[in-house]
Amino acid sequence: ENGQKIPFKRDYTRPDVCPVLAALRISRRAITLNVPPNTPLAVFSSSSVDSAFRHITAKHIVKFLRRSAQAAFNLWPDDKWLNSWASHSIRVTAANVLHRAG
């Protein structure tokens, strides 16, 4: 609600689902792979001849979100509820938070 503060801190016990550690890894990876400053930071290493990196796509985001939801809600990998998590889920959540904030 209005004035709500949600602290974020590094979660070393579950680094694969920690958003803070993920942001740090993404930033460090972009620096290591010499990603130009005018391109998105979200990249991964590639053995392609034309580039040392590839951009993270919606497919990658969906896989991560579903794995995170599975861990957070103790779901089985084949739980049909996981299909409701998509890359668009982040935008919907952000829009709802902004709307509630006024």
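Residues numbered from 1 in each chain as written. Predicted model: local features only at pLDDT ≥ 70, side-chain atom pairs only at ≥ 80, totals over all residues. Heavy atoms only, no water.

(A) View of the overall build of the protein. Along its length, the protein carries three helices and two strands. Mapped from its N terminus to its C terminus, the protein presents α and β elements in the order α-β-β-α-α. In terms of C-alpha radius of gyration, the protein reaches 16 Å, well past the compact-globule figure of 13 Å for 102 residues. Its C-alpha atoms put the protein at 45 × 35 × 25 Å along the principal axes. Burial statistics for the protein: of 102 residues in total, 19% are counted as buried. A total accessible area of about 8,200 Å² is found for the protein, and carbon and sulfur atoms account for 60% of it. Side chains of the protein give 15 positive and 6 negative charges; the mean places of these two sets differ by 6 Å. (Helix = DSSP H or I, 4+ residues; strand = E, 2+ residues; numbered from the N terminus. Rg over C-alpha atoms; globule rule 2.2 N^0.38 Å. Buried < 20%, exposed > 50% of the residue type's maximum accessible area, 1.4 Å probe, protein only. Areas by Shrake-Rupley, 256 points an atom, 1.4 Å probe, with all protein chains shown as cover. Lys, Arg positive; Asp, Glu negative; His and termini not counted. Charge placed at Lys NZ, Arg CZ, Asp CG, Glu CD.)

(B) Representation of the packing of aromatic side chains in the model. As enumerated under the stated definition, the model contains three aromatic pairs in all. On the numbers, 5.8 Å between centres and 80° between planes, the contact of Trp-81 with Trp-85 is edge-to-face. Trp-85 sits in the partly exposed class, given a relative accessible area of 22%. (Phe/Tyr/Trp six-rings, centres within 6.5 Å; stacked < 30°, edge-to-face > 60°.)

(C) Representation of unusual backbone geometry in the model. Of note, the phi angle at Asn-34 is positive, near 55°, even though the residue is not glycine. Note on placement: Asn-34 falls in the loop between helix 1 (19-32) and strand 1 (43-45). Classification of Asn-34 by relative accessible area gives exposed; the value is 62%. One non-glycine residue, Asn-74, lies in the positive phi region at around 50°. Inspection of the secondary structure assignment puts Asn-74 in the loop between helix 2 (58-72) and helix 3 (88-101). Relative accessible area serves as the criterion here: at 69%, Asn-74 is assigned to the exposed category.

(D) Representation of the environment of Arg-10 within the structure. If you trace the backbone, Arg-10 turns up in the segment before helix 1. On the accessibility criterion, Arg-10 (42% relative accessible area) is partly exposed. With near-sequence residues (within four places) excluded, Arg-10 lies in contact with Cys-18, Val-20, Leu-21 and Leu-24. Here Tyr-12 takes part through its side chain, which lies 3.4 Å from a polar atom of the side chain of Arg-10. (Contact = heavy atoms within 4.5 Å. Polar contact = N/O pair within 3.5 Å; in protein donor to acceptor, adjacent residues only side chain to side chain.)

(E) Fine view of a positive patch on the surface. A contiguous patch of positive charge on the surface is contributed by Arg-25, Lys-59, Lys-63 and Arg-67. Among the elements that make up the positive patch, the one with the highest residue count is helix 2 (three residues). Considering the arrangement of structural elements, one finds Lys-63 in helix 2. (Patch = residues over 30% accessible without salt bridge, like charges linked within 9 Å, V, L, I, M, F, W, Y side chains within 5 Å. Salt bridge = Lys/Arg side-chain N within 4 Å of Asp/Glu carboxyl O.)

Taken by themselves, the reported measurements are silent on function.
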